[in-house]
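Survey of secondary and tertiary structure
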Amino acid sequence: MNGQNRSDISTGIQVNIVLKQDQRTGKLTNGIVKDILTKSSFHPHGIKVRLQDGSVGRVKEIL
């Protein structure tokens with residue numbers, strides 16, 4: 001899954017996100033979702049989440 005639908009994402013699942021500073025390179029960061037920050041049900045660039053380590057980025061892959 002690509003992480004564009006909020007309904008596919010829940011706290012505690014493992015995802016790959018792209019951090020703001022990595023958007024140009026597309027480097028992915030792996031982690032466990034702590035908070036879902038995007039309020040809308042869909043976002044074309046991925047739902048924004050906070051990982052348990054505090055990193056914030058948009059979901060690119062749901063593992």
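In this report, the structure presented in the accompanying data block is examined. (Residues numbered from 1 in each chain as written. Predicted model: local features only at pLDDT ≥ 70, side-chain atom pairs only at ≥ 80, totals over all residues. Heavy atoms only, no water.)

1. Quick look at the nonpolar core
Ile9, Val15, Ile17, Leu19, Val33, Ile36, Ile47, Val49, Leu51, Val59 and Ile62 together form the largest nonpolar core, which totals eleven residues. Going through the elements one at a time, strand S1 (14-19), strand S2 (28-36), strand S3 (48-51) and strand S4 (56-62) are the ones with two or more residues in this core. With three residues, the top contributor of residues to this core is S1. Not counting residues within four places of it along the chain, the set of residues in contact with isoleucine 17 comprises Lys27, Leu28, Thr29, Val49, Leu51, Ser55, Val56, Gly57, Arg58, Val59 and Lys60. (Core = buried A, V, L, I, M, F, W, Y, C linked by side-chain atoms within 4.5 Å. Buried < 20%, exposed > 50% of the residue type's maximum accessible area, 1.4 Å probe, protein only. Helix = DSSP H or I, 4+ residues; strand = E, 2+ residues; numbered from the N terminus. Contact = heavy atoms within 4.5 Å.)

2. Quick word on the sheet that holds S3
An order of S1-S2-S3-S4 is seen for the four strands of this closed barrel, with the pairing classed as antiparallel. Neighbour to neighbour, the strand axes of the sheet diverge by 70° on average, direction disregarded. Direction of pairing for S1 relative to S2: antiparallel, over a ladder of five bridges. For asparagine 16, the partnering residue across the bridge sits in S2 and is asparagine 30. (Pairing = 2+ DSSP bridges. Axes fitted to C-alpha atoms, helices over the stretch in contact; angles between N-to-C directions.)

In short, geometric facts, not functional conclusions.
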